[in-house]
Amino acid sequence: DIKLISQGAVPAIQLAHAGRKGSTPVIGKGVRGETLTAKNGGWDIVAPSAIAYNDDKSQVPKEATLEDIEVLQKAFVTAAIRAVKAGFEAIELHFAHGFLGSTWLSPLSNTRTDRYGGSLENRMRFGLETAHRVRKVIPKETPLLVRISVTDYDNGGWDVTQSVEFAKRLKAIGVDVVDCSSGGVFGNVDYGSLNTAEVQHKAAATIQREAGIPTAAVGNIVHPFQAEKLLQDNSATLILIGRAFLNNPHWAYGAADVLANPETFKYPEPYDWCIGAKQSSLLFSPVTINGITLKNRIGVSPMVTWVSEDGYVNDFQLAHYGSFAIGGVGLIVVE
């Protein structure tokens, strides 16, 4: 714990309920989006309405009763209480990507006619009640975030305008940050051409400006300069790095080398002897983003860098050892 605190890390947890996207096989051991039956390890699923996630692969979920709603909300509350007891210092409620919280919001997945469906006010009710109940049982100093899909990418579905209204209401009940992702509500949609980082980043900026609540930007943020630009442009208050971290757990050290002051940034002692804040570790090559060339601070050593088709550097694992790994010759590999 002392070492964790010494590096400024904050343990956080995301609480989610899969809703109608539950009862699926482990990734790599079945058809993605397919629902398992009880016979092969599956379970009954629940959702706001009896509408399947994937028409041709998924089971039709049970439509939640009012009693079910109470049980589901209490489950989020008790999970939050356990999280605090376990030492987590920030909590995020996952109301995005077609999971349970998300399906109450979208009129495409919520066709109820009671007080939890129909109007925007009613469709927001489950999420607002759940977030409010969680806020009341966790310490005031514990940040509460809510992840949402800012759009369903369907003209009749959830959109940024509704997201702004939801964010306003979340702020009023004490939510601290809205985490802005998108899509994932239906399984038979090709999000490849729709679900772009630009959509999410613009929505984060819009929600932060119009709802007056801090937002988190996500989506293909792989280069430190890219992350920094979103902050400086007031597009978001927080930047969340996901896949880039999975690709390289040392991403933060590379980012610190090009963004932090080497006189004040301090690596953990076990790393400092070999990759500490020294000029020899500042090996990022210039990268062009939106026509603007962003240069590293010293530019004296070669490196190996992987660059995606959109021009963003997305791997830093060889940044500190590039001159050794490739004999002093810089190399860029385009994926």
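An unreviewed UniProt entry lists the protein under the name NADH:flavin oxidoreductase/NADH oxidase N-terminal domain-containing protein, with Oppiella nova given as the organism. Heading Cofactor (unreviewed entry) of the UniProt record for the protein holds this comment: "FMN".

Here's the deal with the overall build of the protein
Counting secondary structure elements, the protein contains 11 helices and 13 strands. Within the protein, the proportion of its 335 residues that are buried is 46%. Of all intrachain contacts in the protein linking residues separated by at least 6 positions in sequence, the fraction that spans at least 24 positions is 63%. With the model as given, the accessible surface of the protein reaches about 17,100 Å², and the carbon-plus-sulfur share is 55%.

So, the packing of aromatic side chains
Throughout the structure, instances matching the rule amount to five aromatic pairs. Taking the centre distance of 4.7 Å and the plane angle of 10° together, the rings of Trp104 and Phe126 count as stacked. With Trp104 in helix α3 (residues 100–105) and Phe126 in helix α4 (residues 120–137), this pair connects stretches of sequence that are 22 residues apart. Ring geometry for Trp158 against Phe166: centres 6.1 Å apart, planes inclined by 85°, an arrangement best described as edge-to-face. Judged by its relative accessible area of 2%, Trp158 is buried. The positively charged end of Arg20 is found above the aromatic ring belonging to Phe186, 4.7 Å away from the centroid. Residue placement shows Lys21 over the ring face of Phe99; its charged tip is 4.8 Å from the ring centre.

Thoughts on the nonpolar core
Of all hydrophobic cores here, the largest spans 40 residues; its most connected members are Ile91, Leu93, Val134, Phe166, Leu170 and Ile207. Secondary-structure elements contributing two or more residues to this core are α2 (66–86), β4 (90–95), α3, α4, β5 (144–149), α5 (160–172), β6 (177–181) and α6 (197–211). Sort the elements by how many residues they give to this core and α2 lands first, with seven residues. Beyond its immediate stretch of four places on either side in the chain, Ile207 contacts Ile148, Val150, Ser163, Val164, Ala167, Cys180, Gly212, Ile213 and Thr215.

Here's the deal with helix α9 (residues 251–259)
With seven of nine residues buried, α9 is to be regarded as a mostly interior element. Residues of α9 that are buried: Trp251, Tyr253, Gly254, Ala255, Ala256, Asp257 and Val258.

Points about the pattern of salt bridges
This structure, assessed with the given rule, holds 12 salt bridges. A salt bridge links Asp68 to Lys62; the shortest N-O distance between them is 2.9 Å. A relative accessible area of 18% means that Asp68 is categorised as buried. Across the salt bridge formed by Lys202 and Glu198, the nearest N and O atoms sit 3.0 Å from each other. With a gap of four residues between them, Lys202 and Glu198 both fall in helix α6, about one helical turn apart.

As for the environment of Glu70
Among the secondary structure elements, Glu70 is positioned in helix α2. Put simply, Glu70 and Thr130 are 60 residues apart on the chain and 9.5 Å apart in space, counted from C-alpha to C-alpha. Of the polar contacts made by the side chain of Glu70, one reaches the side chain of Arg133; its length is 3.1 Å.

Rules behind the numbers
Residues numbered from 1 in each chain as written. Predicted model: local features only at pLDDT ≥ 70, side-chain atom pairs only at ≥ 80, totals over all residues. Heavy atoms only, no water. UniProt positions renumbered as here; feature names shortened; annotations may be inferred. Helix = DSSP H or I, 4+ residues; strand = E, 2+ residues; numbered from the N terminus. Buried < 20%, exposed > 50% of the residue type's maximum accessible area, 1.4 Å probe, protein only. Contact = heavy atoms within 4.5 Å. Areas by Shrake-Rupley, 256 points an atom, 1.4 Å probe, with all protein chains shown as cover. Phe/Tyr/Trp six-rings, centres within 6.5 Å; stacked < 30°, edge-to-face > 60°. Lys NZ or Arg CZ within 6 Å of the ring centre and 35° of its normal. Core = buried A, V, L, I, M, F, W, Y, C linked by side-chain atoms within 4.5 Å. Salt bridge = Lys/Arg side-chain N within 4 Å of Asp/Glu carboxyl O. Polar contact = N/O pair within 3.5 Å; in protein donor to acceptor, adjacent residues only side chain to side chain.

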